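Residue strings, one per chain:
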Amino acid sequence: MKGPENRTIGLEPSAFCTVLLCWLLAHAPQALAGLTTEPADTPVVVPIEVKPAAKPRPKKPEPPRARLQKPVKAVAPAAPVARAKVALPAKAAAAVPAKPPVQAQISRPPQLKAIPPQMAPVQPLTPETAKSAAAPVERVDPAVVAKKVEHYVSLLKHAIAGAWHPPADRQGHSSLVAFKVGRQGTVSDIEVRTSSGDKELDALAVKTIQSLSPFYPLPEGAPEKVPVDFTFQPPPPAEATGPEDELSRRRRYARSHPSDGKAAFEYGKALRFADQYQEAIEELKRAMKVGHPAGPCLVEMALAYKKLGKFEEAESSLKQAVKQAPDLAPAQRHLGDLYYEQKRWGDSMAAYREFLKLQPSGPVSELANMRIQLCQRRLGGGDGSDE
């Protein structure tokens, strides 16, 4: 026994490996055959393949487009975006990344897709366009607007005719004045196209239009400016029977009241206006006899003498009027006029200065000042005394 044990233990490593390899080759077929001859009821466990099959596979989530189309129809445009982000689980969101087209469809309101291209707005929305779009557009009939403008112009001409009051002593032809009326009734571009021959009447016509401006606003739908022309008629001439009728009335009253000095004075003035100067002088003398103040009667008599060319009698009557009524301004004025027409510059200046003391302001006073200056020029800048 000692000999074999010593022989086994004393084997070399290379020899031992050779023996082990031979043993494996001899017993390997039997080991493989034993695996195939095991009973059929022995369970076969395949860890890798059977384990996933045993677990139920999670249901694949629906695509985002299918899930988002339902709430888009019933919910406001902004709501589906929030619900889509919350409803998707983290694993599905990681597996199915959001596509840019889907996000673009979610962010756009659905009603914008339905707008046809021809209905898209051409101009940007401004406060003015928004206001005009909100207000209902009413179509204005040009014929109706034309009638309204025509009625407006007729009322305007009627107002101008009512404000036209030319002086009765101005005689001339009719004048045509054109102008334009703006939307708010303001007047512009006033032009005298046909003159009346009297510059003062033309200027008065322009002032009449300016005094009525602004008129009422133009009717709705009218143009920016409406042209208007108006014909200003001259003052109507006095009828041939007019002065005679007034004269006859004054005569009847004066004859029916012979002791009434005022009636005789008014009748004398009417005779002078009717160019019956001699009869006027006689009636004015009678008025002084029956008690009417002498100053006004002497002034009227002087004017009648002046028309008859009797300047000495006219000067004498005015001097008597100044003596009888020193505060009677017309006496001093007519005396200054008489001297001015006779080129008696110094006497005329003195009379006008006395008149200005009694009546320092007014249109007649301005004329007196102008004549004083002219008299001074005639006299070479003298102090007004006769040379």
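Numbers given for residues are sequential positions, taken from 1 along each chain in its written order. At least 70 in pLDDT is required for a residue's local features to be given in this predicted model, at least 80 for side-chain atom pairs to be given and counted, and no such filter applies to totals for whole chains, interfaces and linings, which use all residues. Think of the side-chain values as coming from all heavy atoms in the structure, minus any hydrogens and water.

Take the sheet that holds strand E2 (residues 187-194) next. Strands pair, by our definition, only if DSSP identifies at least two bridges between them. For helices the rule is a DSSP run of H or I covering at least 4 residues; for strands it is a run of E covering at least 2, with both sets numbered from the N terminus onward. Spatially, three strands are ordered E2-E1-E3 in an open sheet, and the strand pairing comes out antiparallel. Lying at the two open borders of the sheet, with one neighbouring strand each, are E2 and strand E3 (225-232). Sheet twist, expressed as the average angle between the axes of neighbouring strands with direction ignored, equals 20°. Two strands pair when backbone bridges link them, and strand E1 (residues 175-182) and E2 are joined in this way by five bridges, in the antiparallel orientation. Residue Leu176 lies in a different strand from E2, and its bridge partner there is Thr194. The contact definition used throughout considers only heavy atoms, calling two residues in contact when any of these lie within 4.5 Å. Axis lines are fitted to C-alpha atoms, over the contacting stretch for helices. Their N-to-C directions set the angle, which ranges from 0 to 180 degrees. Strand contacts of helix H11 (residues 199-212): E1, E2 and E3, with the helix running at about 155° to E2, the strand carrying the most contacts.

Moving on, we get to helix H10 (residues 142-163). Expected helix span is given by 1.5 Å per residue-to-residue step, counting one fewer step than there are residues. With 22 residues, H10 should cover 32 Å at 1.5 Å per step; its first-to-last C-alpha distance of 32 Å lies within 8% of that length. For every residue, the accessible area obtained with a 1.4 Å probe (protein chains only) is divided by the maximum for its type, and the residue is called buried under 20%, exposed over 50%, and partly exposed between those limits. Of all the positions in H10, only Val145, Val149, Tyr152, Val153, Leu156 and Ile160 are classed as buried. Take H10 and look down its axis: the buried residues cluster within an arc of 100°, on one side only. Opposite the packed face of H10, turned more than 90 degrees from it, sit the exposed residues Lys147, Glu150 and His158. On its buried face, H10 is in contact with E1, H11 and E3. Regarding the arc, it is the one traced by the directions from the helix axis to the C-beta atoms.

Core analysis: the biggest nonpolar cluster contains 22 residues, and Val299, Met301 and Leu318 have the highest contact counts within it. Mapped by element, the contributors of at least two residues to this core are helix H13 (261-273), helix H14 (277-289), helix H15 (294-307), helix H16 (311-324) and helix H17 (329-341). The set of buried Ala, Val, Leu, Ile, Met, Phe, Trp, Tyr and Cys residues whose side-chain atoms join them within 4.5 Å is what this entry labels a nonpolar core. Membership of the second largest hydrophobic core comes to 21 residues, among which are Val153, Ala205, Phe230 and Phe232.

Treat this as a map of the structure, not an account of what it does.
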